[in-house]
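Fold and geometry: a report
This is what each chain is made of:
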Amino acid sequence: MKIIKKILVVLLIAFIIMQFFGPDKNEGDLTSINAFIADTNPPNDVHEILKNACFDCHSDVTRYPWYNKITPINYWMADHIDHGKGHFDVSSWEGYSLKKKDHKMDELIEMVEAKEMPLPSYTWTHGDAKLSEAQIKAIVDWGKAVRAKYSEQMQP
C-alpha cells in the first residue's frame, strides 16, 4: 500500500509541475481571416457558422475555453489546431493559388456534407458548432457558388 501512495504522490507532483508549461497559443490577428472573407464573400448566416464552427481550428484566431489552461488538455487542443490548420487554414488563404483555393473549398464541402466536420470532440464542448441540416445546406450551397466563381476565373 505504501508504494501506491508514493506513486500517487509522484504523479500528483508531476501533474502540478506540468501546469507551468504549455504549448504556444494560436492567437493571431483577427484581420488574418479578412482575405478569406473578402474572397469567398459568405452570407451573414454562413459567416456566423464559420466563426462558431470552423475558425477556432482552421485559422490563426482561436477562442480558448477556460479548460485550455489545464495540461494535458492544452496540448491536445494545440494538436487539433495544428492538424486542422494543416488541412484547411483560412489565415493563409491569400497565399493560395486559385487551383488550391478551389481544391480547399471542394474539401470543405465534402467534409461538411459527410458530417465529418466539425469534429465531434469539438462539438461536445461547443454546442453552437453542431450543424443543423439547414446550416449544412447553407455552407454547401455557398461553397459550390465559390467554386463556380473559381472555375470561371480559371477559364482561359
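Refer to the structure printed above.
The paragraphs below set out a description of the structure included in this document. Only a predicted model underlies this, so the values are computations on that prediction, with no experimental measurement involved.

What to know about the pattern of salt bridges
Applying the stated criterion to the full structure yields ten salt bridges. Taking the shortest distance from any N to any O, the salt bridge between Lys 101 and Asp 39 comes out at 3.3 Å. Of this pair, Lys 101 sits in helix α6 (residues 98-113) while Asp 39 sits in helix α2 (residues 34-40), placing them 62 residues apart in sequence. Classification of Lys 101 as buried rests on a relative accessible area of 12%. With relative accessibility at 19%, the residue Asp 39 sits in the buried group. Across the pair Asp 106 and Arg 147 runs a salt bridge, and its minimum N-O distance is 3.2 Å. One end of the pair, Asp 106, is in helix α6; the other, Arg 147, is in helix α8 (residues 133-154), and 41 residues separate them in sequence. In this structure Asp 106 comes out as partly exposed when scored by relative accessible area, which is 29%. Under the relative-accessibility criterion, Arg 147 is labelled partly exposed at 27%.

Topic: the side chain of Ser 91
Within the secondary structure, Ser 91 is located in the loop between α5 (73-87) and α6. On the basis of relative accessible area, Ser 91 is assigned to the buried category, the value being 17%. The residues touching Ser 91, leaving out its near neighbours within four places in the chain, are Ser 32, Ile 33, His 58, Ser 59 and Asp 60.

Digging into the packing of helix α3 (residues 44-53) against α8
When two helices pack together, you describe them by how their axes are tilted relative to each other and by the distance separating the axes. Two elements in contact, α3 and α8, have axes separated by 10 Å at closest approach and are oriented at 105 degrees. The angle between α3 and α8 places the two elements in the roughly perpendicular class. Between α3 and α8, the contacting residues are Asp 45, Val 46, Ile 49 and Leu 50 on the first element and Gln 135, Ala 138, Ile 139 and Trp 142 on the second. Residue composition of the contact of α3 with α8, by class: six nonpolar, one polar and one charged.

Quick notes on the packing of α6 against α8
Direction vectors running N to C along α6 and α8 enclose 160 degrees, while the axes themselves pass 9 Å from each other. Classified by the angle between their axes, α6 and α8 sit roughly antiparallel to one another. Every pair of crossing elements has a handedness; the one defined by α6 and α8 is left-handed. Contacts between α6 and α8 involve Leu 98, Lys 99, Lys 101, Asp 102, Met 105, Asp 106, Leu 108, Ile 109, Val 112 and Glu 113 from the first element and Ile 136, Ile 139, Val 140, Trp 142, Gly 143, Lys 144, Val 146, Arg 147, Tyr 150, Gln 153 and Met 154 from the second. In terms of residue class, the contact of α6 with α8 is built from twelve nonpolar, two polar and seven charged.

What counts and what doesn't
- Residues numbered from 1 in each chain as written.
- Predicted model: local features only at pLDDT ≥ 70, side-chain atom pairs only at ≥ 80, totals over all residues.
- Heavy atoms only, no water.
- Salt bridge = Lys/Arg side-chain N within 4 Å of Asp/Glu carboxyl O.
- Helix = DSSP H or I, 4+ residues; strand = E, 2+ residues; numbered from the N terminus.
- Buried < 20%, exposed > 50% of the residue type's maximum accessible area, 1.4 Å probe, protein only.
- Contact = heavy atoms within 4.5 Å.
- Axes fitted to C-alpha atoms, helices over the stretch in contact; angles between N-to-C directions.
- Parallel < 35°, antiparallel > 145°, perpendicular 65-115°, else oblique.
- Nonpolar A, V, L, I, M, F, W, Y, C, P; charged D, E, K, R; others polar.
- Left-handed = near helix turned anticlockwise from the far one by under 90°.

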